[in-house]
Amino acid sequence: MQPWKILVTGSSGLIGSEAVEYFDRQGHTVTGVDNNMRRVFFGPPGDTLWNLERLKGATRRFSHVTLDIRDREAVLALFRDNRFDLIVHCAAQPSHDKAAEIAFVDFEVNAMGTVNLLEAARQHCPEAAFVFMSTNKVYGDAPNEKPLQETATRYDYSDPADYDGIDENCRIDRTMHSLFGASKVAADIYAQEYGRYFKMPVGIFRGGCLTGPSHSGVELHGFLSYLLKVALSGKTYTVFGYKGKQVRDNIHSYDVVRAFEEFARNPRPGEVYNLGGGRANSVSMLEAIQQIEALTGRKINWTYSEQARKGDHICYISNLSKLKSHYPAWSITRSLDSILEEMVAAEREHSQKAGV
Ligand SMILES: NC(=O)c1ccc[n+]([C@@H]2O[C@H](COP(=O)([O-])OP(=O)(O)OC[C@H]3O[C@@H](n4cnc5c(N)ncnc54)[C@H](O)[C@@H]3O)[C@@H](O)[C@H]2O)c1
């Protein structure tokens with residue numbers, strides 16, 4: 001197979017950096033675009049420069065461009081100067097709470113930035129596979145309408161038909177999304193449209209909780225990463241609502257990128273896939289706290305706030321059936337236990353280097 005020329009946006013972030021490393025290892029040439037805007041959103045703890053430096057050392061055919069995806073002329077020029085075979089679009093304002101404070105910026109990055117990239121691809125390389133990283137927040141709080149049961153440590157679906165989780169038929173309108181969810185809906189629908197209307201090979205992946213050792217976890221985004229940071233630093237974690245029994249399904253960034261690769265090899269224009277850890281990798285806040293305490297041998301200081309985050313899911317498990325049926329070579333390869341072990345080791349190393 002000929003090596004690909006790949007563009008990764010958000011290349012210093014969690015998923016983007018995994019994509020850079022993975023595709024570089026496969027012998028492809030990767031251009032990464034990131035302007036470290038995560039630091040602008042979340043302050044110094046969100047800074048991703050450490051990850052960019054790490055990538056430069058860990059890769060062979062990676063080049064980085066400091067470019068803002070809102071800058072339409074710069075995006076068009078990048079596509080004029082390069083002929084990409086694959087675009088992996090991960091740059092975003094990723095936090096639903098943050099979006100309410102910065103509505104214009106959130107929309108410009110998530111919605112407009114995505115249109116800039118889709119249109120640049122249509123003008124310059126319409127045959128290139130285009131992967132858009134969307135989110136389960138496009139379903140807003142509609143998943144909360146599923147009948148639930150409460151156990152000692154979690155909420156769970158009470159109807160056996162829901163056992164495998166939320167599938168792509170869940171409705172996306174007439175629900176509360178947060179502004180972040182709404183700007184991602186705009187981008188998600190645009191990406192579908194470039195697939196359906198222009199027949200471009202665009203795939204839309206609606207993420208559950210994406211995680212891994214390269215997350216610059218902050219309170220407002222990256223729950224496992226931030227919980228681990230708190231556990232190891234002795235700070236205090238706040239659990240928001242639902243008695244700490246809200247459930248998330250967690251997927252390692254490697255398995256996310258493997259799904260992108262399968263799609264890129266055999267793209268289906270305009271298809272939408274839920275992509276999370278599935279039931280086996282699901283965990284509630286209370287369970288995650290217990291598991292991390294057992295793993296680190298440290299008690300986590302946490303407090304409880306009655307007020308749940310607006311539009312937050314009570315129990316969200318991604319139904320992976322569609323993805324698995326379209327791409328049988330793809331599966332979850334990293335269990336929740338192994339994800340946590342890897343993240344603890346990485347966080348310890350990271351804090352040692354930072355002298356914390
Ligand atoms: N992490 C999760 O749990 C999760 C869940 C569902 C969906 N997603 C989606 O997956 C994608 C990747 O998420 P992530 O966790 O890797 O996020 P991340 O914040 O770790 O990475 C995003 C990167 O994009 C960069 N960026 C932001 N604005 C930019 C701009 N205007 N121009 C160029 N670069 C910019 C940031 O600096 C950051 O490095 C996002 O679209 C996010 O909405 C993430």
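Model, not experiment: these values are computed from the prediction. (Residues numbered from 1 in each chain as written. Predicted model: local features only at pLDDT ≥ 70, side-chain atom pairs only at ≥ 80, totals over all residues. Heavy atoms only, no water.)

Participant: Run through the packing of aromatic side chains, naming residues and quoting values.
Facilitator: Under the criterion given, the structure shown has 14 aromatic pairs. Here the aromatic rings of Y22 and F23 are separated by 5.4 Å at their centres, their planes lie at 80°, and the arrangement is edge-to-face. By the burial criterion, Y22 is buried, and F23 matches it. Ring geometry for F205 and F263: centres 5.8 Å apart, planes at 90°, overall edge-to-face. One end of the pair, F205, is in strand β8 (residues 202-207); the other, F263, is in helix α9 (residues 253-265), with 58 residues separating them in the sequence. Taking the relative accessible area as the measure of exposure, F263 reaches 0% and is therefore buried. (Phe/Tyr/Trp six-rings, centres within 6.5 Å; stacked < 30°, edge-to-face > 60°. Buried < 20%, exposed > 50% of the residue type's maximum accessible area, 1.4 Å probe, protein only. Helix = DSSP H or I, 4+ residues; strand = E, 2+ residues; numbered from the N terminus.)

Participant: Give a detailed account of the sheet that holds strand β12 (residues 271-275), specifying residues and quantitative values.
Facilitator: Ordered in space as β3-β2-β1-β4-β5-β8-β12, the seven strands form an open sheet in which the pairing is parallel. One side of each edge strand has no neighbouring strand; the edge strands of this open sheet are β3 (62-65) and β12. On average, each strand axis in the sheet is inclined to that of its neighbour by 20°, with strand direction left out of account. As judged from the six bridges shared by strand β5 (residues 129-135) and β8, these two strands associate in the parallel manner. From the neighbouring strand, T135 faces β8, where its bridge partner is G207. Contacts from helix α7 (residues 178-196) reach β5, β8 and β12 within the one sheet, and its direction differs from that of β5 by about 155°. (Pairing = 2+ DSSP bridges. Axes fitted to C-alpha atoms, helices over the stretch in contact; angles between N-to-C directions. Contact = heavy atoms within 4.5 Å.)

Participant: With reference to specific residues and values, describe the nonpolar core.
Facilitator: Within the largest apolar cluster, 35 residues are counted, with the highest numbers of intra-cluster contacts made by F23, L86, V88, F205, F260 and L275. Residue assignment for this core shows that the elements contributing at least two residues are β1 (5-9), α1 (14-25), α3 (49-58), β4 (86-89), β5, α9 and β12. Beyond its immediate chain neighbours, meaning those up to four positions away, F260 contacts I15, V88, C90, V131, M133, F205 and L275. The next biggest cluster of nonpolar side chains, apart from the first, holds 31 residues, and it includes L67, L78, A120 and A187. (Core = buried A, V, L, I, M, F, W, Y, C linked by side-chain atoms within 4.5 Å.)

Participant: Describe α3, naming the residues involved and giving the relevant values.
Facilitator: Buried within α3 are the following residues: N51, L52 and L55. Considered in projection along α3, the buried side chains sweep an arc of 100° and stay on one side of the axis. In this structure, the buried residues of α3 make contact with α1 and β3. (Arc of directions from axis to C-beta.)

Participant: Got a sec to walk through the site of the ligand? Specific residues and values, please.
Facilitator: Taken together, 31 residues lie near the ligand, and D34, R38, D68, M133 and K184 sit nearest. Contact between the ligand and D68: a nitrogen atom at 2.9 Å from a side-chain N or O atom of the residue. K184 has a polar side-chain atom sitting 2.6 Å from an oxygen atom of the ligand. Elements with a contribution of two residues or more to the shell around the ligand: α1, α2 (37-42), β5, α7 and β9 (209-211). For the shell around the ligand, the class distribution of residues is 15 nonpolar, 12 polar and four charged. (Near = heavy atom within 4 Å. Polar contact = N/O pair within 3.5 Å; in protein donor to acceptor, adjacent residues only side chain to side chain. Nonpolar A, V, L, I, M, F, W, Y, C, P; charged D, E, K, R; others polar.)

Participant: Explain the environment of G16 to me, and be specific about the residues and the numbers.
Facilitator: Within the secondary structure layout, G16 lies in helix α1. Judged by its relative accessible area of 1%, G16 is buried. In contact with G16, other than residues within four places in its own chain, are V8, T9, G10, S11 and C90.

Participant: Give me the lowdown on unusual backbone geometry, citing residues and values where you can.
Facilitator: For N36, which is not glycine, the phi dihedral falls at a positive 55°. With respect to the helices and strands, N36 occurs in the loop between β2 (29-33) and α2. For N36, a relative accessible area of 12% gives the class buried. A positive phi angle, close to 50°, is found at Y242, a residue other than glycine.

Participant: Explain the pattern of salt bridges to me, and be specific about the residues and the numbers.
Facilitator: Using the criterion set out here, one finds 25 salt bridges in the structure. R171 is the salt-bridge partner of E145, the closest N and O atoms lying 2.9 Å from each other. Here the residue E145 occupies a position in the loop between β5 and β6 (148-150), and R171 occupies one in the loop between β7 (155-157) and α7, the gap between them amounting to 26 residues. Judged by its relative accessible area of 52%, E145 is exposed. Residues joined by salt bridges that share partners form a network here, namely R258, E261, E262 and R265. (Salt bridge = Lys/Arg side-chain N within 4 Å of Asp/Glu carboxyl O.)

Participant: Now, about the packing of α1 against α9: what can you tell me, with residues and values included?
Facilitator: Helices that pack against each other are described as a pair by the angle of their axes relative to one another and the distance between those axes. Taken N-terminus to C-terminus, the directions of α1 and α9 make an angle of 60°; their axes are 9 Å apart at the nearest point. Taken together, the axes of α1 and α9 lie oblique to each other. Crossing of α1 against α9: the hand is right-handed. Of the residues in α9, those touching α1 at L14, I15, E18, A19, Y22, F23 and R25 are S253, Y254, V256, V257, R258, F260 and E261. In terms of residue class, the contact of α1 with α9 is built from nine nonpolar, one polar and four charged. (Parallel < 35°, antiparallel > 145°, perpendicular 65-115°, else oblique. Left-handed = near helix turned anticlockwise from the far one by under 90°.)

Read these as spatial facts, not as claims about activity.
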